[in-house]
Amino acid sequence: MQEIFNFHISSLNRDVGKVANFVRMLDMPERISTDGTLDFTKGIIAENISFTYPGRDNFAVKNVSLTIAYGETIAIVGENGAGKSTLVRLLTGIYRPSEGKVTVGGLDTNKIAPKSVYQGISGVFQKYQRYKMTLEENVTISDTDMEIDRARVESALKQADAELDIELDAMLSPEFDGIDLSGGQWQRVAIGRGLYRTSGFIVLDEPTSAIDPIEETQIYEQFQRLAKGKCAVVVTHRLGSAKLAHRIVVMDNGEIVDVGTHDELLTRPGKYADMWAAQSQWYER
Ligand code: ATP
């Protein structure tokens, strides 16, 4: 009895905090914003942006300026906590900069309604959802406006290297009489979901931790081909994948410390050359 009682009291304590946060969010005023249409040929432009998380003193992103041209793929690399994911959230309009300005497809993320920005963006993040639905639904849920096209689903899964030898109708949940996938297989399905969505700006923020470095590079090669008519950003710790991008942005402590192609960055001493020296053996077979 004591155990049951303690268990409930502790979860109650935790849940009260969650409910309080939720109610606080509902009470927040709607930001006045306008709708607009994205034109990705104008690229993605960040001008002197900085960002601090609430309750933190230091900048997670500090005075960053970056332009991603239409058709360009940028890789963001750096150590844990360097600010890569925060920068991605700023570039996609999920966060708004505390200072500076981000323009996505010609629209200022500070002024525009989020739904206008999200409409043209596809993102696959480190934390992704495993839907207890069929394989097909797990892919097509990213673009529910589009009529389901099985050939497109299969092609997205192929590009994500997720040909799993199971039917598209297979239920991905043992609870509902279906099957479960491994971590790496789930990640591939999540990447397939991101590729399926119609977008002019696509982001992969390290959704490949459970996939080995050489296979990850193969997925990114496919991605690079697919991103030709888009703006694209990949965040990765693994430089074999970053190498494929048109430009590599090196971050440290919230700042951009270097930008260049793989070959250019290797010609100068610095964080990138050090990381490459530590990792190059991953790509030898
Ligand atoms: P990783 O490679 O580990 O994913 P990263 O380069 O993507 O790291 P960020 O996740 O952008 O780095 O984090 C940058 C800084 O912001 C870190 O100091 C981190 O502790 C802090 N941070 C990240 N998310 C939050 C949050 N939700 N609340 C408060 N601080 C955060």
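Scroll up a little and you will see the structure.
Here we summarise the structure given alongside this text. Predicted, not measured: the structure shown is a model, and the values here were computed from it. For every chain, the first residue of the written sequence is number 1, and numbering continues from 1 along that sequence. It should be noted that, the model being predicted, local features are given only for residues of pLDDT at least 70 and side-chain atom pairs only at 80 or more, the latter also being counted only at that level, while totals for whole chains, interfaces and linings use all residues. With hydrogens and water set aside, each side-chain value is computed from the structure's full complement of heavy atoms.

1. Points about the overall build of the chain
Stage number 1. Looking only at helices and strands, one finds 10 helices and 10 strands in the chain.
Stage number 2. Only C-alpha atoms enter the radius of gyration; for comparison, a globular chain is expected to reach 2.2 Å times N to the power 0.38, where N is the number of residues. Taking 285 residues into account, the globule formula puts the C-alpha radius of gyration at 19 Å, and the chain, at 21 Å, falls close to it.
Stage number 3. Exposure classes here rest on a 1.4 Å probe applied to the protein chains alone. A residue is buried below 20% of its type maximum, exposed above 50%, and partly exposed in between. Considering the chain as a whole, with its 285 residues, one finds that 45% of them fall into the buried category.
Stage number 4. Residue contacts are counted whenever heavy atoms from the two residues lie within 4.5 Å of one another. Taking all contacts inside the chain whose residues are at least 6 apart in sequence as the whole, residues at least 24 apart take part in 69%.
Stage number 5. Positive: Lys, Arg. Negative: Asp, Glu. His and the chain ends are not part of the count. The location of each charge is read from NZ of Lys, CZ of Arg, CG of Asp or CD of Glu. If the 31 positive side-chain charges of the chain are averaged to one point and the 40 negative ones to another, these points end up 5 Å apart. Note on conventions: DSSP H or I runs of at least 4 residues are helices, E runs of at least 2 residues are strands, and numbering of each starts at the N terminus.

2. A look at the sheet that holds strand E7 (residues 201-205)
Stage number 1. Taken together, 6 strands build an open sheet; the order of strands is E6-E7-E8-E3-E9-E10 and the sheet is mixed. Two strands in the sheet have a free side with no partner beyond their single neighbour: strand E6 (121-124) and strand E10 (255-260). Each strand axis lies, on average, 15° off the axis of its neighbour in the sheet, ignoring direction.
Stage number 2. Pairing of strand E3 (residues 73-78) with strand E8 (residues 231-235), which is carried by 4 bridges, proceeds in the parallel orientation. Bridging from a neighbouring strand, Thr 73 pairs with Ala 232 of E8. We treat two strands as partners when DSSP finds at least two bridges between them. Axis angles are defined between N-to-C directions and span 0 to 180 degrees, where every axis is a line fitted to C-alpha atoms and, for a helix, only to the segment in contact.

3. Section: the pattern of salt bridges
Stage number 1. The working definition used for a salt bridge is a side-chain nitrogen of Lys or Arg within 4 Å of a carboxyl oxygen of Asp or Glu. Scanning the model with the defined rule gives 13 salt bridges in all.
Stage number 2. Note that Asp 15 is salt-bridged to Lys 18, the shortest N-O span being 3.9 Å. Here Lys 18 and Asp 15 lie together in helix H1 (residues 2-27), a separation of 3 residues that amounts to about one turn.
Stage number 3. The class of Asp 15 is partly exposed, set by a relative accessible area of 31%.

4. As for the site of the ligand
Stage number 1. Working definition: residue near molecule or strand if any one of its non-hydrogen atoms lies within 4 Å of it. Surveying the vicinity of the ligand reveals 13 residues, the closest of which are Asn 80, Gly 81, Lys 84, Ser 85 and Thr 86.
Stage number 2. Between an oxygen atom of the ligand and a side-chain N or O atom of Thr 86, the distance comes to 2.5 Å.
Stage number 3. Contacts to the ligand include Gln 126, whose side-chain N or O atom sits 3.2 Å from an oxygen atom.
Stage number 4. Residues were grouped as follows: Ala, Val, Leu, Ile, Met, Phe, Trp, Tyr, Cys and Pro as nonpolar; Asp, Glu, Lys and Arg as charged; and all remaining residues, including Gly, as polar. Across the shell around the ligand, the residue classes tally to 3 nonpolar, 7 polar and 3 charged. Nitrogen and oxygen atoms within 3.5 Å of one another constitute a polar contact, given that in protein one can donate a hydrogen and the other can accept it, and given that sequence-neighbouring residues count only through two side-chain atoms.

5. Quick notes on the pairing of E7
Stage number 1. Extensive coverage of E7 is indicated by the burial of 5 of its 5 residues.
Stage number 2. Here E7 shows two buried faces, one formed by Phe 201, Val 203 and Asp 205 and the other by Ile 202 and Leu 204.
Stage number 3. Note: E6 against E7, 4 bridges, orientation parallel. Within E7, the position partnered with Gly 123 by the bridge is Val 203.
Stage number 4. Look down the strands so they point away from you; if the path from the first strand over the helix to the second goes clockwise, the crossover is right-handed. In the classification by handedness, the crossover that spans E7, the intervening helix H7 (residues 213-226) and the parallel E8 is right-handed.

6. A closer look at H7
Stage number 1. Each helix should span, by expectation, one fewer than its residue count multiplied by 1.5 Å. Helix length check: H7, at 14 residues, gives a terminal C-alpha distance of 20 Å against a target of 20 Å (1.5 Å per residue), a fit within 8%.
Stage number 2. Turning to H7, its buried residues are Pro 213, Ile 214, Glu 216, Thr 217, Ile 219, Tyr 220, Phe 223 and Gln 224.
Stage number 3. In this fold, the buried residues of H7 make contact with E3, helix H5 (150-159), helix H6 (183-196), E7, E8 and helix H8 (239-242).
Stage number 4. Structurally, the start of H7 carries an N-cap: the backbone nitrogen of Ile 214 is 2.9 Å from a side-chain oxygen of Asp 212.

7. A short note on the side chain of Glu 206
Stage number 1. Here Glu 206 shows up in the loop between E7 and H7.
Stage number 2. Salt bridges are absent for the buried Glu 206, whose nearest opposite-charge side chain, Lys 84, sits at 5.1 Å.

8. Quick word on the packing of H5 against H6
Stage number 1. Interaxial distance between H5 and H6 falls to 8 Å at its minimum, and their mutual angle equals 125°. Here H5 lies oblique to H6, going by the angle between them. Note that H5 runs across H6; the crossing there is right-handed. On H6, the residues that touch Arg 152, Val 153, Ala 156, Leu 157 and Gln 159 of H5 are Val 189, Gly 192, Leu 195 and Tyr 196.
Stage number 2. Among the residues making up the contact of H5 with H6, the classes are represented as 6 nonpolar, 2 polar and 1 charged. An angle counts as roughly parallel when it lies under 35 degrees, as roughly antiparallel when it exceeds 145, as roughly perpendicular when it falls between 65 and 115, and as oblique in every other case. What makes a crossing left-handed is the near helix being turned counterclockwise from the far one by less than a right angle; a clockwise turn instead makes it right-handed.

These values are about where atoms sit, not about what they do.
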